[in-house]
Amino acid sequence: MPAMIKYTDQQLVNLLKASNEAAFTAIYNRYWDKLFSIASHTLGSAQEAEEVVHDVFLKLWRLRTTDPSIDNLPAYLATAVKYTVLNRLRANGRRKQLLEGWPAADTADNPMETSLREKELMDELALTIQQLPARCQFVFRLSREQQYSAKEIARELGVSVSTVDAHLGKALRTLRLHFHKLLFLFFLFA
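These numbers were taken from a predicted model, which means no experiment stands behind them.

What counts, and at which threshold
Residues numbered from 1 in each chain as written. Predicted model: local features only at pLDDT ≥ 70, side-chain atom pairs only at ≥ 80, totals over all residues. Heavy atoms only, no water. Helix = DSSP H or I, 4+ residues; strand = E, 2+ residues; numbered from the N terminus. Buried < 20%, exposed > 50% of the residue type's maximum accessible area, 1.4 Å probe, protein only. Bend = angle between axes of the 7 residues up to and from the residue. Polar contact = N/O pair within 3.5 Å; in protein donor to acceptor, adjacent residues only side chain to side chain. Core = buried A, V, L, I, M, F, W, Y, C linked by side-chain atoms within 4.5 Å. Contact = heavy atoms within 4.5 Å.

Explain unusual backbone geometry here, please?
It is generally the case that most residues other than glycine have a negative phi and that most peptide bonds are trans. A positive phi angle, near 65 degrees, is found at S19, a position not held by glycine. Mapped onto the elements, S19 comes out in the loop between α1 (9-17) and α2 (21-43). Here S19 falls in the partly exposed class, since its relative accessible area comes to 31%. Residues other than glycine seldom take positive phi values, yet Q147 does so here, at roughly 60 degrees.

What is the right way to read α2 from this model?
Side chains of residues three or four places apart in an α-helix project in the same direction, reflecting 3.6 residues per turn. Its axis deflected by about 45 degrees at Y31, α2 carries its strongest bend there. Inspection of α2 places A23, F24, T25, A26, I27, Y28, Y31, W32, L35, A39 and L43 among the buried residues, and these make up the whole buried set. A side-chain oxygen of the first residue of α2 lies 2.9 Å from the backbone nitrogen of A22; this N-cap is N20.

Is there a simple way to think about the nonpolar core in this case?
When a protein is soluble and globular, its nonpolar side chains tend to lie buried together. Formed by 42 residues in total, the largest nonpolar core has its most connected members in I27, F57, L60 and L77. Among the elements of the structure, α1, α2, α3 (46-62), α4 (73-100), α6 (134-144), α7 (150-157) and α8 (161-189) are those that each provide at least two residues to this core. For this core, the element with the highest residue contribution is α2, accounting for ten residues. The residues contacting I27, other than those within four sequence positions of it, are L12, V13, L16, W32, F57, L60, L73 and L77.

Here it is as structure tokens:
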């Protein structure tokens, strides 16, 4: 792996297209901080910025053999972060609009009912996390509950960062889908 540090971006991209995990890790180590800085500056949230960067690297790994357009790696990654951030901001705007119409606003005067709804949501979240595959659940808990970075989780489990990213991506997709369905059902029956 230390030899990968000396490789040019184009050499790493060529190795990445051949599914070389060491090249992916080298790209990740080379650009993670820069991409995180871009995302956190725009979003104002370290947690959201970390999710954006993980999503970008996960997409890079998934498209490694099908996306021939990676001529300038830093520009490619920065553009990917830019569009992922824009999509997240758009989604946050929609979420805010949905929450403005959320009936829980009526319960602001009743702390007991607010607390009850929070507990129900937390219980639903815990149940959804428990339904994840064991390894995926473990990675997600290390990331979100123990605040481990993807690098730390990979080191701890003896797997690649891309494997950790895949588990986190699966967990986040499952949670988004589950809670999106709950929100839909809530509005359907409200």
